[in-house]
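In case you want the letters, here they are:
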Amino acid sequence: MPDTQALVNDFLNKLKKRKIEGSQATARQTAELLRSVISQQRVPYTNQAGALIDAVKAIGEQLIAANPVELAVGNIVRRVLHIIREEDLSLTTAAIGGLNLSAVSDDENDDDRDGDSTLSAAAVAAAARSTLRPPSLQTLLEDTPVSAAVPQTSSSGGDSEGKTADKSSRSRKLKHDVIEAVNELIQDIVTCHEQIAEQAVEHIHQNEVILTLGSSRTVLEFLFAAKEKKRSFRVFVAEGAPRYQGHLLAKELVARGLQTTLITDSAVFAMISRVNMVIVGAHAVMANGGVIAPVGMNLVALAAQKHAVPFVVLAGSHKLCPLYPHNPEVLLNELRSPSELLDFGEFSDCMDFGSGSGSPLLHVVNPAFDYVPPKLVSLFITDAGGHNPSYMYRLIADYYSADDLVVQRRATAGN
């Protein structure tokens, strides 16, 4: 089995050099790496969940710092941390239920044990309330894992071996359940395109005109799924300069038999009046319903709002980020190479060599992403269904624990 640190270092190198294309591939590989970390992590007899959480957090901070703008990495780290807490809570609740059941079924020496039974029942109830209670402000500030304590009962020294075996068994059970849950998460990431595409027929109707920008596999599968359901429609594809990913999408749409028209980005406003719906992909969806998307997307959203055209965003659950765009630890954008806009040979002609400093008179700025505010979005379609922007914070809250938001803060602070 490969060494965990070697796997981590290899993945860190890929993130830093931007060798992984797309949020889905990044999310899947992040989940697979964390699964390996959990599988090989040794856990103590006590606080097994805490040991797993600490291990995942340590790796997660490195991964986030390697490429802060790829928010899918942090999303998956937090999802895995949430899984560990949920599985630990489930095992603890089951253990408490078992104690309660044994206390009720044990009817020996009822007269002598009335007081003890009452005390045991009270302890079980208190532990259950502690288990199910949301984390307190003190817990969040101290960044301590939320792990309920099973009430301790007195026993003879002869039961110590049995307790050790039970703890060892519970440790294996926790790791097994966490790994199974991570496997389900990986499967959800792999199949998110298909799950989103199944909803296409509910949103695309006969003889409509759809506009999109750039290239997105989610959008491609969504449009093709509508065609498979015998929907006849036309697609306008804005080319997505300067990388011109729209050219690739247009070719793939034509190869699958869809009527396609390729337009320049500057023609979006001129063509939007003929469009029935805008359907686009996303790089990330923030907790307030805002969208981080390829550059040029805000222009399309503004044009759609001006002409009252629905602006629909497709995003898998791995792109749902629990952070807000105004958080200082969130890196919304990055600058790509100027060579995508201007050849280096042409750029050298703009250097001021006469001054002796060689400082350029021409500066090239090439941002990778746009931010689309939630007021410009009509509908989100995820693998969990369609949702209004105002509901996204509630949907995102189901995937993450409040305790784990500090992972992003620590990683970006140390970067």
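Just so it is clear, the model here is predicted, and its values are computed rather than measured.

S.K.: Where do I start with the nonpolar core in this structure?
M.R.: The tendency in soluble globular proteins is for nonpolar side chains to be buried side by side. I38, V56, L63, I76, V80 and I84 are the most contacted members of the largest nonpolar core, which has 37 residues in total. Mapped onto this core, the elements with two or more residues apiece are α1 (4-16), α2 (23-40), α3 (48-66), α4 (71-105) and α7 (160-190). Each residue touching V56, except ones within four places of it in the same chain, is listed here: L34, I38, V77, V80, L81 and I84. Counting residues in hydrophobic clusters, the runner-up holds 36 residues, among them A238, I272, L320 and F380.

S.K.: Help me understand helix α12 (residues 297-306), please; the structure alone is not making it clear to me.
M.R.: Helical periodicity: at 3.6 residues per turn, an α-helix aligns residues three or four positions apart in one direction. Of the positions making up α12, those classed as buried are M297, V300, A301, A303 and A304. Projected down its long axis, α12 carries its buried residues within an arc of 165°, all on one side. Along its buried surface, α12 packs onto β1 (209-213), α11 (268-271), β4 (277-280), β6 (291-294), β7 (311-314) and β8 (369-372). Phi turns positive one or two residues past the end of α12, at A308, with a value near 55°.

S.K.: What should I look at first to understand the packing of α1 against α3 in this one?
M.R.: The geometry of a pair of packed helices is captured by two quantities: the angle between their axes and the separation between those axes. Between α1 and α3, the shortest axis-to-axis distance is 8 Å and the interhelical angle comes to 20°. Relative to α3, α1 is oriented roughly parallel. In this structure, α1 meets α3 at a crossing whose hand is right-handed. Taken together, the residues of α3 that come into contact with α1 (itself represented by Q5, V8, F11, L12, L15 and K16) are I59, Q62, L63 and A66. Tallied by class, residues from the contact of α1 with α3 come to seven nonpolar, two polar and one charged.

S.K.: Would you take a moment to explain the pairing of β7 for this structure?
M.R.: Side chains F311 and V313 project from β7 onto one buried face, and the interleaved V312 and L314 project onto a second face that is buried too. The sheet contact formed by β4 and β7 spans three bridges and is parallel. In the sheet register, I279 faces β7, and the bridge partner there is V312. Two strands pair when backbone bridges link them, and β7 and strand β9 (residues 379-382) are joined in this way by three bridges, in the parallel orientation. Bridge pairing in β9 links V313 to F380.

Definitions and cut-offs
- Residues numbered from 1 in each chain as written.
- Predicted model: local features only at pLDDT ≥ 70, side-chain atom pairs only at ≥ 80, totals over all residues.
- Heavy atoms only, no water.
- Core = buried A, V, L, I, M, F, W, Y, C linked by side-chain atoms within 4.5 Å.
- Buried < 20%, exposed > 50% of the residue type's maximum accessible area, 1.4 Å probe, protein only.
- Helix = DSSP H or I, 4+ residues; strand = E, 2+ residues; numbered from the N terminus.
- Contact = heavy atoms within 4.5 Å.
- Arc of directions from axis to C-beta.
- Axes fitted to C-alpha atoms, helices over the stretch in contact; angles between N-to-C directions.
- Parallel < 35°, antiparallel > 145°, perpendicular 65-115°, else oblique.
- Left-handed = near helix turned anticlockwise from the far one by under 90°.
- Nonpolar A, V, L, I, M, F, W, Y, C, P; charged D, E, K, R; others polar.
- Pairing = 2+ DSSP bridges.

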